[in-house]
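# A look at the structure
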Amino acid sequence: MTKTGIRKEMTKLIADFSTIGMTVSFSIFIGVGFGYYLDHKLFEGKTSPWFTLIFLGFGVAAAFLNLYRMATRKDIRDE
């Protein structure tokens, strides 16, 4: 493999790993943010921290679902 081919492959791997990290963190952050909004703004703290915890769970589930989809993508998988 030439130097150019190695660089292209390394760049693709770095892009894939950074996408995975951002996807996981954004999914969790959006879930927590939405739950916090429901708890504190919509229900005025009466339900705190229940919606935050529930939507944290939804965010973690969405993160794992996205990880699974990325892991089973054909262009990332080694064949």
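This text gives an overview of the structure that appears in the document. No experiment lies behind these values; they were computed from the predicted model shown.

## Structural notes on the pattern of salt bridges
- With the rule as written, the count across this model stands at one salt bridge.
- We note a salt bridge from Lys-12 to Asp-16, for which the minimum N-O separation is 3.1 Å. One end of the pair, Lys-12, and the other, Asp-16, are both in helix 1 (residues 3-42), four residues apart, so they sit about a helical turn from each other.
- On the basis of relative accessible area, Lys-12 is assigned to the partly exposed category, the value being 39%.
- Taking relative accessible area as the criterion, Asp-16 reaches 16% and is therefore assigned buried.

## A few points about the packing of aromatic side chains
- Throughout the structure, instances matching the rule amount to four aromatic pairs.
- On the numbers, 6.4 Å between centres and 35° between planes, the contact of Phe-51 with Phe-55 is tilted. Note that Phe-51 and Phe-55 are positioned in helix 2 (residues 50-71) at a spacing of four residues, about one turn of the helix.
- Pairing Phe-55 with Phe-58 gives two aromatic rings, centres 5.3 Å apart and planes at 80°, and the pair type is edge-to-face. Separated by three residues within a single helix, Phe-55 and Phe-58 lie in helix 2, roughly one turn from each other.
- According to the relative accessible area criterion, Phe-55 is buried, its value standing at 17%.
- Residue classification places Phe-58 among the exposed positions, given a relative accessible area of 52%.
- What links up through ring pairs into an aromatic cluster is the set Phe-34, Phe-43, Phe-51, Phe-55 and Phe-58.

Rules used throughout
Residues numbered from 1 in each chain as written. Predicted model: local features only at pLDDT ≥ 70, side-chain atom pairs only at ≥ 80, totals over all residues. Heavy atoms only, no water. Salt bridge = Lys/Arg side-chain N within 4 Å of Asp/Glu carboxyl O. Helix = DSSP H or I, 4+ residues; strand = E, 2+ residues; numbered from the N terminus. Buried < 20%, exposed > 50% of the residue type's maximum accessible area, 1.4 Å probe, protein only. Phe/Tyr/Trp six-rings, centres within 6.5 Å; stacked < 30°, edge-to-face > 60°.

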